[in-house]
Amino acid sequence: MSESIDHSGVVEKIEGETVFVRITQRSACSGCHAQSICSASEQKDKIIEVTDRTGLFHVNEPVVICGQSSLGLQAVLLAFVLPLVIVVAAIAVGTGLRWDETTSGLTGLALLLPYYGLLYILRDKLKRRFIFTLKKLN
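This structure is a prediction, so every number in the text was calculated from the model and none was measured.

Conventions used here
Residues numbered from 1 in each chain as written. Predicted model: local features only at pLDDT ≥ 70, side-chain atom pairs only at ≥ 80, totals over all residues. Heavy atoms only, no water. Helix = DSSP H or I, 4+ residues; strand = E, 2+ residues; numbered from the N terminus. Buried < 20%, exposed > 50% of the residue type's maximum accessible area, 1.4 Å probe, protein only. Contact = heavy atoms within 4.5 Å. Areas by Shrake-Rupley, 256 points an atom, 1.4 Å probe, with all protein chains shown as cover. Patch = residues over 30% accessible without salt bridge, like charges linked within 9 Å, V, L, I, M, F, W, Y side chains within 5 Å. Salt bridge = Lys/Arg side-chain N within 4 Å of Asp/Glu carboxyl O. pLDDT = per-residue confidence, 0-100.

A. Inspection of the overall build of the chain at higher detail. Broken down by element type, the chain carries three helices and five strands. Sequence-ordered secondary structure for the chain, helices as α and strands as β, is β-β-β-β-α-α-α-β. The proportion of buried residues among the 138 residues of the chain is 23%. Within the chain, contacts between residues at least 6 apart in sequence are counted, and of these 67% link residues at least 24 apart. Looking at the chain as shown, the accessible area adds up to about 10100 Å², and 61% of this sits on carbon and sulfur atoms.

Here it is, written out as structure tokens:
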């Protein structure tokens, strides 16, 4: 497994030490020759903030964003696995307390609000943990 995850992108703007890079996220089938007539292929543009103190990058310059592969696994854990565990646990507890399925399910979903609220509150701490670097595209 690769040590880093790389995405090519273009520098959108630079504000102080923060470089905003636009990357295009494509679905797995977007490389198919039939993508123009297929409704399954999709792509989204995302803006990634990268701290850079070198001053080597310029607006509209093609770059590569690099992140450790372990960060990707941590992001999946925080964004998908833990919320799933919260919902399933709430349903299991609700079933154990003999709640009806609707109440158990809605309780599980309601518990996601404080979870994602906590992630939002901790976003600055998470930004310091999820560090990306920039490389010039050759």
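B. Structural context of a nonpolar patch on the surface. A contiguous nonpolar surface patch, about 500 Å² in accessible area, is contributed by Val76, Leu77, Phe80, Val81, Leu82 and Val85. Owing to a relative accessible area of 37%, Val81 belongs among the partly exposed residues under this scheme.

C. Layout of unusual backbone geometry. Even without being a glycine, Asn60 presents a positive backbone phi close to 70 degrees. Residue position: Asn60 is located in the loop between β3 (43-51) and β4 (62-68). On the basis of relative accessible area, Asn60 is assigned to the exposed category, the value being 59%. You will see that Arg98, though not glycine, has its phi angle at about 65 degrees, which is positive. Following the sequence through the fold, Arg98 ends up in the loop between α1 (69-96) and α2 (101-121).

D. Focus on the environment of Asp6. Position of Asp6 relative to the elements: it lies in strand β1 (residues 4-15). Residue classification places Asp6 among the partly exposed residues on the basis of a relative accessible area of 42%. Taking the C-alpha atoms as reference points, Asp6 and Ser69, 63 residues apart in sequence, are found 9.2 Å from one another. Asp6 has contacts with Val64, Ile65 and Cys66, leaving out every residue within four places of it along the chain.

E. Geometry of the environment of Leu56. Looking at the secondary structure, you find Leu56 in the loop between β3 and β4. Judged by its relative accessible area of 49%, Leu56 is partly exposed. Spatially, the C-alpha atoms of Leu56 and Leu134 are 9.8 Å apart, while their sequence positions differ by 78 residues. Look past the residues within four positions of Leu56 in its chain and what remains in contact with it is Glu61 and Lys136.

F. The confidence of the model for the chain, seen in detail. Across the chain, pLDDT averages 86, with 86% of residues at or above 70. The element-level mean pLDDT for the chain is lowest in β3, coming to 85, with α2 highest at 96.

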